[in-house]
Amino acid sequence: QVQLVESGGGLVQPGGSLRLSCAASGGDSSRYSMGWYRQASGKQRDLVAGITRGGRTNYADSVKGRFTISRDNAKNTIHLQMNSLKPEDTAVYYCNLWPSSATTWGQGTQVIVSS
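Criteria and thresholds
- Residues numbered from 1 in each chain as written.
- Predicted model: local features only at pLDDT ≥ 70, side-chain atom pairs only at ≥ 80, totals over all residues.
- Heavy atoms only, no water.
- Pairing = 2+ DSSP bridges.
- Helix = DSSP H or I, 4+ residues; strand = E, 2+ residues; numbered from the N terminus.
- Axes fitted to C-alpha atoms, helices over the stretch in contact; angles between N-to-C directions.
- Core = buried A, V, L, I, M, F, W, Y, C linked by side-chain atoms within 4.5 Å.
- Buried < 20%, exposed > 50% of the residue type's maximum accessible area, 1.4 Å probe, protein only.
- Contact = heavy atoms within 4.5 Å.
- Disulfide = S-S within 2.5 Å.

Now for the sheet that holds strand β3 (residues 18-25). One open sheet holds the four strands; their spatial order is β1-β3-β8-β7, and the pairing between them is antiparallel. The open sheet has two free edges, formed respectively by β1 (3-7) and β7 (67-72), since each of these has just one partner strand. The mean inter-strand angle of the sheet, taken between neighbouring strand axes irrespective of direction, is 15°. As defined by bridge partners, β1 adjoins β3 across five bridges and the pair is classed as antiparallel.

This is the structure we're talking about:
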């Protein structure tokens, strides 16, 4: 079973950038469509971006043009480049399969966008 560990979160000012990484182990992530999800305080966890095995991508409307999902199959890693960050992007960010698997959630990485 694939295990996922997210990293790269932190505190950033509005308009800033962060790059999140998701390291997979225990399996080959290139076999799966993968996604980044986020959960803000008091809200449900939603898909932010997804990428298929073939590299096709899908984004939530709220992040289109600002976020970019990518995968490095050689390193078994998935990235989320986040630019032009807004306070409403504040959340815990998780990677998982796409669609998500209930048994594959990691601990996530916290992103706080604030001045």
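What follows picks up the thread again.
An order of β2-β10-β9-β4-β5-β6 is seen for the six strands of this open sheet, with the pairing classed as mixed. Since the sheet does not close on itself, it has two edges, and those belong to β2 (10-12) and β6 (57-59), each with one partner. The average angle at which neighbouring strand axes cross in this sheet is 25°, direction not considered. The pairing of strand β5 (residues 46-51) with β6 spans three bridges and is classified as antiparallel. In the sheet register, Ala 49 faces β6, and the bridge partner there is Tyr 59.

This brings us to the nonpolar core. With 26 residues, the main nonpolar core has Trp 36, Phe 67, Ile 69, Leu 80, Met 82 and Tyr 93 as its most contacted residues. For Met 82, the contacting residues outside a window of four places in its chain are Gly 16, Ser 17, Leu 18, Leu 20, Arg 66, Phe 67, Tyr 93 and Val 111.

Let's shift gears to the state of the cysteines. Tallied over the full model, the rule gives one disulfide. Between the sulfur of Cys 22 and that of Cys 95 lies a disulfide, 1.8 Å long from S to S. The sign of the S-S torsion, about 60°, decides the handedness of the disulfide formed by Cys 22 and Cys 95: right-handed. Of this pair, Cys 22 sits in strand β3 while Cys 95 sits in strand β9 (residues 91-97), and the two are 73 residues apart along the sequence. With a relative accessible area of 0%, Cys 22 lands in the buried category.

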